[in-house]
Structure formats: structure tokens, C-alpha cells
Amino acid sequence: MGDEMTSDFDAAVEDVTAHLTSERQAWLFGAGISCRSGLPLMYPLTELVAANYVDPHADHSALFASIRSSLPDAAHIEHVLSQLGDFVALAERSKDQKISVGGADYAVETLRALHGAIRDSIRDVIRRGYLPGEGGEAPTVAEEGKHVVKVEHHRDFMRTLFAARDKAGRPLRPVHFFTLNYDTLIEDALALERISFADGFSGGAMAYWAPETAYAENGAGGRVAAHLIKLHGSIDWHGEGDGSVIRCREGCGYPERAGNVLIYPQATKYVATQRDPFAALFEKLREVLRSPQPMVFAVCGYSFGDEHVDLHIEEAMARPDCKTVLVAFVREQQKGGAPALPDKLVEWMTHRPWANRIFALSDKGLYHGSTTNLSQAGETHEWWTFEGVTKFLSDGPR
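Predicted, not measured: the structure shown is a model, and the values here were computed from it.

Parameters and conventions
Residues numbered from 1 in each chain as written. Predicted model: local features only at pLDDT ≥ 70, side-chain atom pairs only at ≥ 80, totals over all residues. Heavy atoms only, no water. Helix = DSSP H or I, 4+ residues; strand = E, 2+ residues; numbered from the N terminus. Buried < 20%, exposed > 50% of the residue type's maximum accessible area, 1.4 Å probe, protein only. Contact = heavy atoms within 4.5 Å. Areas by Shrake-Rupley, 256 points an atom, 1.4 Å probe, with all protein chains shown as cover. Lys, Arg positive; Asp, Glu negative; His and termini not counted. Charge placed at Lys NZ, Arg CZ, Asp CG, Glu CD. Disulfide = S-S within 2.5 Å. Polar contact = N/O pair within 3.5 Å; in protein donor to acceptor, adjacent residues only side chain to side chain. Core = buried A, V, L, I, M, F, W, Y, C linked by side-chain atoms within 4.5 Å. Salt bridge = Lys/Arg side-chain N within 4 Å of Asp/Glu carboxyl O. Axes fitted to C-alpha atoms, helices over the stretch in contact; angles between N-to-C directions. Parallel < 35°, antiparallel > 145°, perpendicular 65-115°, else oblique. Nonpolar A, V, L, I, M, F, W, Y, C, P; charged D, E, K, R; others polar. Pairing = 2+ DSSP bridges.

### Structural notes on the overall build of the protein chain
Along the backbone of the protein chain there are 13 helices and 21 strands. Overall, the protein chain is about 70 × 55 × 45 Å in size when its C-alpha atoms are taken along their principal axes. When burial is assessed residue by residue, the protein chain has 50% of its 398 residues classed as buried. Across the protein chain, contacts joining residues at least 24 apart in sequence account for 68% of those joining residues at least 6 apart. Accessible surface, the protein chain as shown: approximately 18600 Å² in total, 51% of it carbon and sulfur. Of the side chains in the protein chain, 40 bear a positive and 55 a negative charge, and the two mean positions are spaced by 4 Å.

### Thoughts on unusual backbone geometry
A positive phi angle is found at His60, which is not glycine, with a value near 70°. Topologically, His60 is positioned in the loop between α2 (42–50) and α3 (61–70). In this structure His60 comes out as partly exposed when scored by relative accessible area, which is 26%. Even without being a glycine, Arg194 presents a positive backbone phi close to 60°.

### Structural notes on the state of the cysteines
All told, the structure shown has 0 disulfides when counted by the stated rule. Left unpaired, Cys35 is separated from the closest cysteine sulfur, that of Cys300, by 9.5 Å.

### What about the environment of Ser70?
Here Ser70 lies in helix α3. Polar side-chain contacts of Ser70 include one of 2.7 Å to the backbone oxygen of Ile67.

### Some words on the nonpolar core
If you look at the biggest cluster of nonpolar residues, it comprises 71 residues, and the most contacted ones within it are Trp27, Ile118, Ile122, Phe157 and Phe177. By size, the runner-up hydrophobic cluster in this structure holds 40 residues, among which are Trp209, Leu285, Ala316 and Ala360.

### Digging into the pattern of salt bridges
Here the structure, examined in full by the defined rule, presents 21 salt bridges. For Arg36, the salt bridge is made with Glu387, and the minimal N-O distance between the two is 3.7 Å. Residue Arg36 is found in the loop between β1 (25–29) and α2, and its partner Glu387 is found in helix α13 (residues 386–395); the two are separated by 351 residues along the sequence. Residue classification places Arg36 among the exposed positions, given a relative accessible area of 54%. One salt bridge connects Asp395 with Lys391, and the closest N-O pair in it is separated by 2.9 Å. Placement of both Asp395 and Lys391 in helix α13 is noted, with a separation of 4 residues, approximately one turn of the helix. The residues Asp395 and Lys391 share a single accessibility class, namely exposed.

### Observations regarding the side chain of Arg24
Topologically, Arg24 is positioned in the loop between α1 (2–19) and β1. The charged side chain of Arg24 is buried without a salt bridge, its nearest counter-charge being Glu23 at 4.3 Å. Apart from the residues lying within four places of it in its own chain, the contact partners of Arg24 are Arg173, Gln293, Pro294, Met295 and Val296.

### Concerning the packing of α3 against helix α5 (residues 108–128)
Between α3 and α5, the least distance of the axes is 11 Å, while the angle of their chain directions is 80°. Here α3 is positioned roughly perpendicular relative to α5, judged by the angle of their axes. Between α3 and α5, the contacting residues are Leu63, Phe64 and Ile67 on the first element and Thr110, Leu111, Leu114 and Ile118 on the second. Tallied by class, residues from the contact of α3 with α5 come to 6 nonpolar, 1 polar and no charged.

### Section: the pairing of β1
A large share of β1 lies buried, amounting to 5 of its 5 residues. The two faces of β1 match: Gln25, Trp27 and Phe29 on one face and Ala26 and Leu28 on the other face are all buried. Alignment of β1 against strand β16 (residues 295–300), held across 5 bridges, turns out to be parallel. Bridge assignment links Gln25 to a residue of β16, and that residue is Val296. Alignment of β1 against strand β6 (residues 175–179), held across 4 bridges, turns out to be parallel. Of the residues in β6, the one forming a bridge with Leu28 is Phe178.

### Brief notes about the sheet that holds strand β14 (residues 245–247)
The 5 strands are arranged β8-β9-β14-β13-β15 in an open sheet whose pairing can be described as antiparallel. Every interior strand has two partners, whereas the edge strands, β8 (201–203) and β15 (261–263), have only one. Here the average twist between neighbouring strands, direction ignored, is 40°. Bridge count between strand β9 (residues 207–209) and β14: 2 bridges; the pairing is antiparallel. Across the sheet, the residue bridging to Tyr208 is Ile246, located in β14. Most of the contacts of helix α10 (residues 278–289) go to strand β13 (residues 233–239), to which it runs at about 140°, and overall it touches β9, β13 and β15.

Written out as C-alpha cells, the structure is:
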């Protein structure tokens, strides 16, 4: 039995290695890929933003506290923004343009102001980075001018990934990078590594949203090597009053930025009225996932906790003509005293006819098409981390 398991493990590793040099591949990144680059995960980010509203005399502190206390304990800052977005939509439909929150009435303008202020706070944290705090001290945002965000891990990944693809010697198509992160580390790393890419904007340091032309495969210098699709927006995206979107360079005093940073999409009427670019971004995700050609969709730094994204993956994988292979690099969580894969992966590998097109590489093992661990008992792996994926691409699994 041991030899059989080892054989299955080695075969699965070979399959994954081959998939990761595919000419058709896409990656989905979550917050986990940036946590060693000086950026917080969602819950530390939530506390850093919430610190702005601890003082009861601070603007909007009572409203922020009411919204947060009404949400489940496990809610994070994106849930606060979602709740605010829903309140804005309700207030806009009401006769007096107000809504009651926590026993107090708030005008739609106040709700919008807090929504914008939270987005600005998130932008500041992501732009500067944060210090985790030591000896029980609370984490703090890096001071202006003393940014702690590092790009080395992202550069290493991009350099390694594209070198591995070049070795395959096949005609290469653009790699699609989908990210749920607001930071600019992916595009910064691509540029620093001299890898051409399109991000949906046309222009230079100041650019406008033009996906129809920007995502065309052929750029000015020939075919672009990568397409970047930021599903949850970016700290350097800003919404204009006419509903258009501008990507702005840091340090520029125009256009007006306060409250206009375009992050965190949500399927509410509030966001829909902003004429945002998110519909086009998710259409790009559907288009890539539904490719009838064989391709690999690799996931790193994401724990399958976004129902919107998971639904798009599931719907595409279930299509009769879909040949996409899902390769997920994930960390197992303690559940009932034992480590386990994310619930969504377990559901797919247990109850879906396309389970044989799923590979999961975790800190505890390797799974292919089922929840049976192909690793030897007690083995641990580093390939689930962003840096571990880079090493896997460079040196192989061993």
C-alpha cells in the first residue's frame, strides 16, 4: 500500500509540474501572497482601519461602531463596506434619503462619506505597509515616507514562472493573473522584471480604463506576456464623477482623490450605480475559465472564501466542454482537532463529477480528485506558500 501511495504521489507531482508549464495558464491570487511583503491579511487590515474610529469624537465613529457591532464576530472590513453599500442603496430609495442604523438616522451623504473614508484608510495601509507590533503591542500603519512594502517575493515568482515557461519551448500565450488584492505588487514586479503586460488601462502613469483595446494580445512591442485582472480594484484606481475610471500615479494632486479610491466591488445597487469596471473584470474571469482548450488555473494565497469567485470557478468547471485543470496551493485549517482542506475544495472533490481535474497541494500533503492524501503520513510541505510555489517552479517538489 505504501509503494502504491508513493507511486500515486509521484504521478500527481509530475502532472502538476507539467500543468504549470502549460502554454495556456491563469493564476488567481489572494491576500496570502503579500503577507510576507509587509501587507496585512484581511483581519489585521480590519483592525488597522477600525483604529481610526476608536475615538468616540472621530468622524463617523458611532456609525462605524453600529455597523460593526451588527455584523457577525468573524466579519472583516470588506463586510463593513458591503453593509454600508447596502445601506446607501436603501437610503437612496427612501423618501427622505435617510436610513436608521443602530437607532440613529443617517443621511445618504454621511453613509457615502464613511464608505469613501474606509476605502481611503485601506489605501493608506496598503500603500505604506504595516508593522505587526511586538510584545502585545497593536499593529500600526507605517509612517508616511517610511514605507515597508517589499516587492522581492513577487519579482522572484514572476522571474521564475516565465523562465520555466520559456524552457518548455512551446508557443506561449499571455498568462492571465487574476488577483483579489488591492496592492500594486504584481504589476510592479512584472515591470521590474521587464515582462510586458496589459492591465485594462490605456496610458502611462496616468491612464484611463479601456479594456477593449488594452487587453488586446498585441501591444506596441509585440504580443504582451501577461494580462493582469484586479477583480477587487486597486489602491491607484479612482472613480470620476461621470462614472469613468482613472489609474493615478502616487503623489499627484489631481484628480480629486478623497473618497474615490476604487476598491472592493460588491453586487449591490450602490456599486452598480457607480458604473464601475468590475463587470468587465469578472467577465474576463468567466471567459478564461470557460476556455474549451486545455488550460491550468492555479490558485495561491486564497482560501476559497469568496462566494462570488467560487461560483464562477464552479460554473466554469462544470461546463461539458471545459478542460480547465484547477491546481490549488492552500494551507489546511484545524477542524475538529484535525487539519482539513478548505470546505469548498472538499465539496468539489467529494461531490462533483469534475473532481479529477482538481489538484490540491497543502502544507500537509497532495490531493488529486479526492480528499485522500497521497503524501506519506506526517509529511509537511512548503509548496503552499507563495515563496514555496516559486521554489516548486524553480527546483521541483523535492
